Amino acid sequence: MSLTPIIAPSILAADFADFGNECRVLQDQGAHWIHVDVMDGHFVPNITFGPQMCAALRPHIKGVMDVHLMITPVDPMIEAFAKSGADILTVHVEAGPHLHRTLQAVKAAGCKAGLAINPATGIEFVPQVLDLIDLICVMTVNPGFGGQKFIHSQLDKIRALRGLIGDRPIDLEIDGGVTVETAPLCVAAGANVLVAGSSVFKGGSVANPAPYGVNMRDLQAACA
Ligand code: DX5
Ligand code: ZN
């Protein structure tokens, strides 16, 4: 676990016509993870990328490709996303009837297994799958879109999950509405990975990437 939070920029906020260069400049500016939001227009009311897009991104990502699957059914797609080169495949507990089997399938496909939990979902089931997961992603917005407002009621959930995780090597990731105001609350509650779209990309571009670096460092500094 790092002392400062890992910042995982979400390319949902990138220039959709220039993903390769967006990944390159984000990494030049200090990003070690790239968060890829996969949406199917069914589980969530938006459509983004498929496995071919992830495979095309892979050579442009030197660090961790963190793939957040907001799709249902998810099981038939696990193999394809694993083959696309994802390091972490995060699945939603709400997206299928057999979470334990789905997580087993992610591990069997050779990826780290992440578990995403929507704002209205409780965490009573987490102890039953703790031995199978490498990451828990707490959704602090309802999934589907970038730029939404952070849901503060999730802070208690983050604290409770940190208690459940204890010293196991499981990352506790926060996704949605992460800003310099909300990031410190998440880290104080026990998070160590912050996904951030709008707050990383604001003011920058491929042609002017310095603001990406400033924004990422500002998020980390706010949590120090
Ligand atoms: C929402 C996605 C998020 C989103 C975060 O469904 O899972 O990763 O891109 O965007 P911001 O940081 O703008 O809330
Ligand atoms: Zn996400």
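Parameters at a glance
- Residues numbered from 1 in each chain as written.
- Chains lettered and ligands numbered in written order.
- Predicted model: local features only at pLDDT ≥ 70, side-chain atom pairs only at ≥ 80, totals over all residues.
- Heavy atoms only, no water.
- Helix = DSSP H or I, 4+ residues; strand = E, 2+ residues; numbered from the N terminus.
- Buried < 20%, exposed > 50% of the residue type's maximum accessible area, 1.4 Å probe, protein only.
- Contact = heavy atoms within 4.5 Å.
- Pairing = 2+ DSSP bridges.
- Axes fitted to C-alpha atoms, helices over the stretch in contact; angles between N-to-C directions.
- Core = buried A, V, L, I, M, F, W, Y, C linked by side-chain atoms within 4.5 Å.
- Near = heavy atom within 4 Å.
- 1 Å grid on protein atoms, 1.4 Å probe; cavity = no way out; pocket = protein on both sides within 12 Å on 5 of 7 lines; lining within 4 Å.
- Sits in = over half its atoms within 2 Å of the grid points.
- Nonpolar A, V, L, I, M, F, W, Y, C, P; charged D, E, K, R; others polar.

Details of the side chain of asparagine 118
If you trace the backbone, asparagine 118 turns up in the loop between β5 (112-117) and β6 (135-139). In this structure asparagine 118 comes out as buried when scored by relative accessible area, which is 12%. Among residues more than four places away in sequence, those in contact with asparagine 118 are Phe43, His92, Glu94, Met139, Pro143, Gln154 and Lys157.

Side note on the sheet that holds β5
Reading across from one edge, β1-β8-β7-β6-β5-β4-β3-β2 is the order of the 8 strands in this open sheet, with parallel pairing throughout. In the strand order of this sheet, the two ends are held by β1 (6-9) and β2 (33-39), each with one partner. Geometrically, the sheet is characterised by an average inter-axis angle of 25° between neighbouring strands, direction not taken into account. Direction of pairing for strand β4 (residues 88-92) relative to β5: parallel, over a ladder of 5 bridges. Bridge pairing in β5 places leucine 89 opposite alanine 113. Helix-sheet contacts for helix α5 (residues 154-165) involve β5, β6 and β7 (171-175), and the interaxial angle to β6 is about 170°. Running at roughly 145° to β1, helix α8 (residues 210-223) makes contact with β1 and β8 (193-196) of the sheet.

Quick look at the nonpolar core
Membership of the largest hydrophobic core comes to 64 residues, with the highest contact counts inside it found for Ile11, Val36, Val67 and Leu89. For valine 67, the residues in contact, after removing those within four places along its chain, are Val36, Val38, Cys54, Phe81, Ala86, Ile88, Leu89 and Thr90. Counting residues in each nonpolar core, the second largest holds 11 residues, with Ala8, Ala116, Cys137 and Val195 among its members.

Looking at the site of ligand 1
Inspection of the region around ligand 1 gives 20 residues, with Asp37, Gly144, Asp175, Gly197 and Ser198 positioned closest. Among the cavities detected, the one that contains ligand 1 is the largest pocket. At the level of secondary structure, the elements contributing two or more residues to the shell around ligand 1 comprise β2, β3 (64-70) and β8. Considering each element in turn, the shell around ligand 1 owes the most residues, 3 residues, to β2. Looking at side-chain class alone, the shell around ligand 1 contains 8 nonpolar, 10 polar and 2 charged residues.

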